[in-house]
Amino acid sequence: MTDTAFSLVKPELDSAHGIALWIADENLLNQTSRVNPTVTVISNRFDLCQQLQEAGWNSQFSDFDFSPYENHSVDKIIYRISKEKPVVHHVINQAIRILKPGGTLCISGLKNEGIKTYLDKAKKLFSGQMEQSKSDKNTWMGVLTSPGVPDTELLEDQDYTRLREVAADENFSYISKPGVYGWNKIDKGSAFLVAELPRFIERLPGPPQTALDLGCGYGYLSLNCAPTGCRITATDNNAGALQACKENFKQQGIDAEVIAADCAEEIVARFPLIVCNPPFHQGFGIEGDMTDRFLEAARKHLQTDGVACFVVNLHIPLERKAQKRFSIVETIADNGSFKLILLAQPK
Ligand SMILES: C[S@@+](CC[C@H](N)C(=O)[O-])C[C@H]1O[C@@H](n2cnc3c(N)ncnc32)[C@H](O)[C@@H]1O
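The model shown is predicted, which means the values in this text are computed figures rather than measured ones. (Residues numbered from 1 in each chain as written. Predicted model: local features only at pLDDT ≥ 70, side-chain atom pairs only at ≥ 80, totals over all residues. Heavy atoms only, no water.)

Draft legend 1. Structural context of the sheet that holds strand E2 (residues 39–43). Read across the sheet, seven strands follow the order E3-E2-E1-E4-E5-E7-E6 without closing on themselves; strand pairing throughout is mixed. Among the strands making up the open sheet, the edge pair consists of strand E3 (58–61) and strand E6 (130–136). Within the sheet, the average angular offset between the axes of one strand and its neighbour, ignoring direction, is 15°. In terms of strand pairing, E2 meets E3 through four bridges, oriented parallel. The residue of E3 that forms the bridge with Ile-42 is Gln-60. Together, strand E1 (20–24), E2 and E3 form the strand contacts of helix H2 (residues 46–55), whose direction differs from that of E3 by roughly 165°. (Pairing = 2+ DSSP bridges. Helix = DSSP H or I, 4+ residues; strand = E, 2+ residues; numbered from the N terminus. Axes fitted to C-alpha atoms, helices over the stretch in contact; angles between N-to-C directions. Contact = heavy atoms within 4.5 Å.)

Draft legend 2. Up close: the site of the ligand. Close contacts around the ligand come from 17 residues, with Ser-190, Gly-215, Asp-236, Asp-262 and Cys-263 the closest. Take Asp-236: an N or O atom from its side chain is 2.7 Å from an oxygen atom of the ligand. Here a nitrogen atom of the ligand and a side-chain polar atom of Asp-262 are 2.8 Å apart. Within the complex, 93% of the 590 Å² of free accessible area of the ligand lies under protein. (Near = heavy atom within 4 Å. Polar contact = N/O pair within 3.5 Å; in protein donor to acceptor, adjacent residues only side chain to side chain. Areas by Shrake-Rupley, 256 points an atom, 1.4 Å probe, with all protein chains shown as cover.)

Draft legend 3. Region of the structure containing the nonpolar core. Counting residues in hydrophobic clusters, the biggest one holds 43 residues, and the most contacted among them are Leu-193, Phe-249, Cys-309 and Leu-340. Sort the elements by how many residues they give to this core and helix H8 (residues 239–252) lands first, with five residues. If near-sequence neighbours (up to four positions away) are discounted, Phe-249 is found in contact with Ser-222, Leu-223, Ile-232, Ala-234, Ile-254, Ala-256, Glu-257 and Val-258. In terms of nonpolar packing, the next biggest core, distinct from the first, is built from 31 residues, Ile-107, Tyr-118, Phe-126 and Tyr-160 among them. (Core = buried A, V, L, I, M, F, W, Y, C linked by side-chain atoms within 4.5 Å. Buried < 20%, exposed > 50% of the residue type's maximum accessible area, 1.4 Å probe, protein only.)

Draft legend 4. Representation of the state of the cysteines. Applying the stated criterion across every chain yields a total of zero disulfides. With no disulfide of its own, Cys-276 lies closest to Cys-263 among cysteine sulfurs, the gap being 8.4 Å. In this model Cys-309 remains outside any disulfide bridge; the closest cysteine sulfur is found in Cys-225, 7.1 Å from its own. Its relative accessible area of 0% is what places Cys-309 among the buried residues. (Disulfide = S-S within 2.5 Å.)

Draft legend 5. The arrangement of the pairing of strand E14 (residues 302–313) in detail. Pairing of strand E13 (residues 271–276) with E14, which is carried by five bridges, proceeds in the parallel orientation. Counterpart to Cys-276 in the pairing with E14 is Phe-310. Here E14 pairs with strand E16 (residues 338–346) via seven bridges, running antiparallel. Bridge pairing links Val-307 to Ala-344 in E16.

Draft legend 6. Here's a closer look at H2. Taken as a whole, H2 has its buried residues at Phe-46, Asp-47, Leu-48, Cys-49 and Leu-52. Where H2 is buried, its residues contact E1, E2, E3 and strand E12 (257–260). Gly-56 lies just past H2 and shows a positive phi near 110°.

Here it is in structure tokens:
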């Protein structure tokens with residue numbers, strides 16, 4: 001599906017020259033554009049970064065880390081806005097820091113994503129120097145010219161780059177940051193899985209030596225598997241999540257591996273225990289795709305006598321989708337909002 005907001009900003013990408021950055025996030029998966037070799041792409045999504053690298057783009061995987069760029073060193077930044085406000089504010093704030101005076105920030109987005117509010121705020125920060133256009137009544141773009149120094153206070157980005165304690169329970173305190181899935185809370189489904197973890201583990205032939213946390217986020221499930229004594233491998237697609245997860249392991253003195261991957265594709269090992277709270281959607285893709293891809297990753301990485309533990313909302317037809325990949329599919333608990341599904345004997 002074509003993203004009208006990306007289409008609007010695309011000519012700016014094609015014509016960019018000098019030192020130019022394209023800030024790309026999940027909204028842009030599978031959107032195509034002619035490679036502009038002068039542009040550097042920064043993306044916080046491992047899959048998108050890989051996709052763009054394969055297409056020939058010079059692409060960097062980071063949590064929108066602009067620290068390598070000195071003040072007033074960049075000519076142009078192109079950005080189709082992200083879903084989360086702190087991310088958008090962080091990019092706009094960094095743009096005014098790193099753009100040369102007279103350099104331009106081109107941002108586009110849809111009305112229901114709040115583009116008009118973002119444009120108003122950015123316009124104030126850029127001393128009113130903005131040209132606005134639209135391709136239909138829902139799709140807007142602003143081209144802002146940097147005055148050099150911001151005209152007003154920076155936008156509230158919730159201190160985007162700072163890792164901080166965000167939640168605690170009787171077992172751990174958890175570190176996270178904006179830009180990570182459900183960054184400032186413990187996911188209720190994941191808490192349910194942890195409470196019932198012994199019921200999964202008792203189905204194993206012995207204590208698990210290793211475990212895989214598929215889509216680890218800031219590492220909540222990983223941390224809570226660690227007391228079983230197994231060595232954890234945690235993997236995610238999101239740069240901020242991987243950073244927060246590493247920090248949690250470090251703070252808790254847990255020696256674990258943290259791997260950037262799209263649905264564990266970079267990982268070859270098989271595990272006796274897999275824990276997973278899969279994402280519901282993928283950018284503009286269909287919900288079902290992600291569930292299938294996470295199930296397939298679990299099938300590929302589960303040992304023959306291992307157990308995979310999934311937690312999903314009640315309405316997700318995970319069991320039906322799992323049947324063709326596992327001989328044992330059991331819903332072992334349901335709390336009215338979430339269900340816990342045990343998968344074993346990968347086919
Ligand atoms: C529902 S969250 C669960 C996070 C964490 N396990 C927890 O329990 O709090 C799903 C996670 O899957 C990650 N994710 C989304 N797409 C992915 C992909 N293609 N490959 C790997 N991880 C992905 C997201 O970044 C997010 O951290």
